[in-house]
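This is what each chain is made of:
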Amino acid sequence: MSTVEKYTKILDNLKFDKMFQNDFLLTWEKTRDELEAVYTVADALRQLRENNISTRIFDSGLGISLFRDNSTRTRFSFASACNLLGLEVQDLDEGKSQVAHGETVRETANMISFMADIIGIRDDMYIGKGNAYMREVSQAVQDGYKDGVLEQRPTLVNLQCDIDHPTQSMADMLHLIHEFGGIENLKGKKIAMTWAYSPSYGKPLSVPQGIIGLMSRFGMDVVLAHPEGYEVMSDVEKVAQKNAAESGGSFKRTNSMEEAFKDADIVYPKSWAPFKAMEQRTELYGNGDMDGINKLEKELLAQNAQHKDWACTEQYMQLTKDKKALYMHCLPADITGVSCKEGEVDASVFDRYRTPLYKEASYKPYVIAAMMFLSKVKDPQKTLQDLENKANRRISG
């Protein structure tokens, strides 16, 4: 069997044609077949690259990145994905654009898209704003293409918004697929998505929301754990409940970290800000109330400090299945005694899982590339086979 044949055979049995020329904004807007297509193409692209075969499907074109929040992994993963497929990355720095001079979203979207094939956006800081902004850009480029302004319709990839972090959760899922030997082996596995103490304030909700919104699609037993007052969006919890019912898994919320860790196969301790506080923060920033922001920050840091016992310790890891659950994190983690005095995880736990954590992160460029690939290629199976047959060497000699 050729390098990609096993992947094309999987794709032959999946229905994903609606991904062509379509955006990727929320995982729960995609069918299970479409999600599996992303994992399959990601593995195929990685296999080709590991065999030194070029995966460039573009001869020219731009991948536009717009990061409204700081980023390391996702920023470089997007750039790597664009390069993997043959696109050049151009970062839109709004501080150097005409946005401050009144340029509208519609205008900006069209002006950056004349030769753009992909637009990746990260806008995760303000409740009710990020995902809505992405959809506004999406509609603007759709109209630009329809009106003949744009010769191609750039597709959007959500690099993290206020609701979901699909590239992270999809990379996390691909990590689990490989760790447990196949997607079929995830059914019945317990994953504990738990809040953990951090000495910082205002971490987005989109990671825990992304995890419960995606893992519940595959028959897993998903537990969301946090202290009282650290709730996530109720709408996303409803999505997780619906997904669990349809997949044969379960979804449960608890205020006990101990209960969440008990017999867990996977643990994902991660700090986030309370949904109500993030709503308040959005309103304060909208009103330009910096005194209110400073007051809220102090209140939330004091609230966090009441829950320092919510940390991934060696003692909690002893409660997990066979005392060796897979520890996951989107990184960077707040490591007790290393990056902070007290944080999300014991240094000994983090160090023990350092290699798996880096592997977890390594799937993100391929997941993003697969999202792009499926949005731009009408016949993915043929294109993957053509890439292998041409066997253009990535490194010659």
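The coordinates are above.
Residues numbered from 1 in each chain as written. Predicted model: local features only at pLDDT ≥ 70, side-chain atom pairs only at ≥ 80, totals over all residues. Heavy atoms only, no water.

A. Summary view of the sheet that holds strand S5 (residues 190-194). Read from one edge to the other, the open sheet built from five strands follows the order S7-S6-S5-S8-S9, with strand pairing classed as parallel. The outermost strands of the open sheet, each flanked by one partner alone, are strand S7 (250-254) and strand S9 (326-327). Where strand S8 (residues 266-269) meets S9, two bridges bridge the pair, whose relative direction is parallel. Residue pairing across strands places Val267 opposite Tyr327, the latter belonging to S9. Together, strand S6 (221-225) and S7 form the strand contacts of helix H8 (residues 234-247), whose direction differs from that of S7 by roughly 145°. (Pairing = 2+ DSSP bridges. Helix = DSSP H or I, 4+ residues; strand = E, 2+ residues; numbered from the N terminus. Contact = heavy atoms within 4.5 Å. Axes fitted to C-alpha atoms, helices over the stretch in contact; angles between N-to-C directions.)

B. Looking closely at the pairing of strand S2 (residues 88-91). As paired strands, strand S1 (residues 62-67) and S2 are joined by four bridges and run parallel to one another. From the neighbouring strand, Ser65 faces S2, where its bridge partner is Asp91. In the classification by handedness, the crossover that spans S1, the intervening helix H3 (residues 73-85) and the parallel S2 is right-handed. (Right-handed = clockwise from strand over helix to strand, strands pointing away.)

C. Just the packing of helix H2 (residues 32-50) against helix H16 (residues 380-390), in detail. Where H2 meets H16, the closest approach of the two axes is 11 Å, and the angle between their N-to-C directions is 5°. By the angle between their axes, H2 is roughly parallel relative to H16. Contact with H2, carried on its side by Ala44, Leu45 and Leu48, involves Leu384, Leu387 and Glu388 of H16 and no other residues of that element. For the contact of H2 with H16, the class distribution of residues is five nonpolar, no polar and one charged. (Parallel < 35°, antiparallel > 145°, perpendicular 65-115°, else oblique. Nonpolar A, V, L, I, M, F, W, Y, C, P; charged D, E, K, R; others polar.)

D. Focus on the pairing of S7. Across five bridges, S6 lies against S7 in parallel orientation. Bridging across to S7, Leu224 finds its partner in Arg253. On the question of chirality, the crossover connecting S6 to the parallel S7 by way of H8 is right-handed.

E. The side chain of Ser216, seen in detail. When you line up the elements, Ser216 lands in the loop between helix H7 (206-215) and S6. The exposure class assigned to Ser216 is buried, which follows from its relative accessible area of 0%. At 3.3 Å, the side chain of Ser216 forms a polar contact with the side chain of Asn243. (Buried < 20%, exposed > 50% of the residue type's maximum accessible area, 1.4 Å probe, protein only. Polar contact = N/O pair within 3.5 Å; in protein donor to acceptor, adjacent residues only side chain to side chain.)

F. A look at the nonpolar core. Residues Tyr39 and Tyr327 are the most contacted members of the largest nonpolar core, which totals 120 residues. Leaving out residues up to four positions away in the same chain, Tyr327 has contacts with Val267, Pro269, Cys312, Ala333, Val345, Val349, Phe350, Tyr353 and Leu357. If you look at the next biggest cluster of nonpolar residues, it comprises six residues, including Ala277, Leu284, Ile293 and Leu300. (Core = buried A, V, L, I, M, F, W, Y, C linked by side-chain atoms within 4.5 Å.)

G. Inspection of the pattern of salt bridges at higher detail. Here the structure, examined in full by the defined rule, presents 20 salt bridges. Across the salt bridge formed by Arg75 and Asp91, the nearest N and O atoms sit 3.7 Å from each other. Taken together, the positions of Arg75 in helix H3 and Asp91 in strand S2 put the pair 16 residues apart, joining distant regions of the chain. Looking at Asp91, the relative accessible area reads 34%, which means it is partly exposed. Measuring nitrogen to oxygen at the nearest pair gives 2.5 Å for the salt bridge that ties Asp351 to Arg354. Classification of Asp351 by relative accessible area gives partly exposed; the value is 45%. Via salt bridges that share partners, Arg68, Glu94 and Asp123 belong to a single interconnected network. (Salt bridge = Lys/Arg side-chain N within 4 Å of Asp/Glu carboxyl O.)

H. Region of the structure containing the sheet that holds strand S3 (residues 116-123). Within the open sheet, the four strands sit side by side as S2-S1-S3-S4. Their pairing is parallel. Looking at the sheet topology across the chains shown, the edges are occupied by S2 and strand S4 (155-161). Neighbour-to-neighbour, the strand axes of this sheet turn through a mean angle of 20°, independent of strand direction. Contacting S1, S2, S3 and S4, H3 runs over the sheet at an angle of about 175° to S1.

I. Here's a closer look at the environment of Gly61. Along the chain, Gly61 falls in the loop between H2 and S1. Sequence separation between Gly61 and Ser113 is 52 residues, and the spatial gap between their C-alpha atoms is 9.9 Å.

J. Geometry of the packing of aromatic side chains. Per the stated rule, a full pass over the model turns up seven aromatic pairs. Look at Trp195 and Trp310: their rings are 6.4 Å apart centre to centre, the planes differ by 70°, and that puts the pair in the edge-to-face class. One end of the pair, Trp195, is in the loop between S5 and H7; the other, Trp310, is in the loop between helix H11 (290-305) and helix H12 (314-317), and 115 residues separate them in sequence. Taken together, the aromatic side chains of Trp195, Tyr230 and Trp310 make up a single cluster linked through ring pairs. Positioned above the aromatic ring of Tyr133, the side-chain terminus of Arg68 is 3.8 Å from the ring centre. Arg75 extends its terminal NZ or CZ atom over the ring of Phe67, reaching a point 4.4 Å from the ring centre. (Phe/Tyr/Trp six-rings, centres within 6.5 Å; stacked < 30°, edge-to-face > 60°. Lys NZ or Arg CZ within 6 Å of the ring centre and 35° of its normal.)

K. Spatial organisation of the environment of Ala302. Looking at the secondary structure, you find Ala302 in helix H11. The exposure class assigned to Ala302 is partly exposed, which follows from its relative accessible area of 44%. C-alpha of Ala302 to C-alpha of Thr313: the two residues are 11 residues apart in sequence and 22 Å apart in space.

L. Quick peek at unusual backbone geometry. Note the cis peptide between Leu331 and Pro332, where omega equals 0°. Mapped onto the secondary structure, Pro332 falls in the loop between S9 and strand S10 (335-336). A positive phi angle, close to 60°, is found at Lys323, a residue other than glycine. Relative to the helices and strands, Lys323 resides in the loop between H12 and S9. Take Lys323: its relative accessible area is 51%, and that puts it in the exposed class. For Leu331, which is not glycine, the phi dihedral falls at a positive 65°. With respect to the helices and strands, Leu331 occurs in the loop between S9 and S10.

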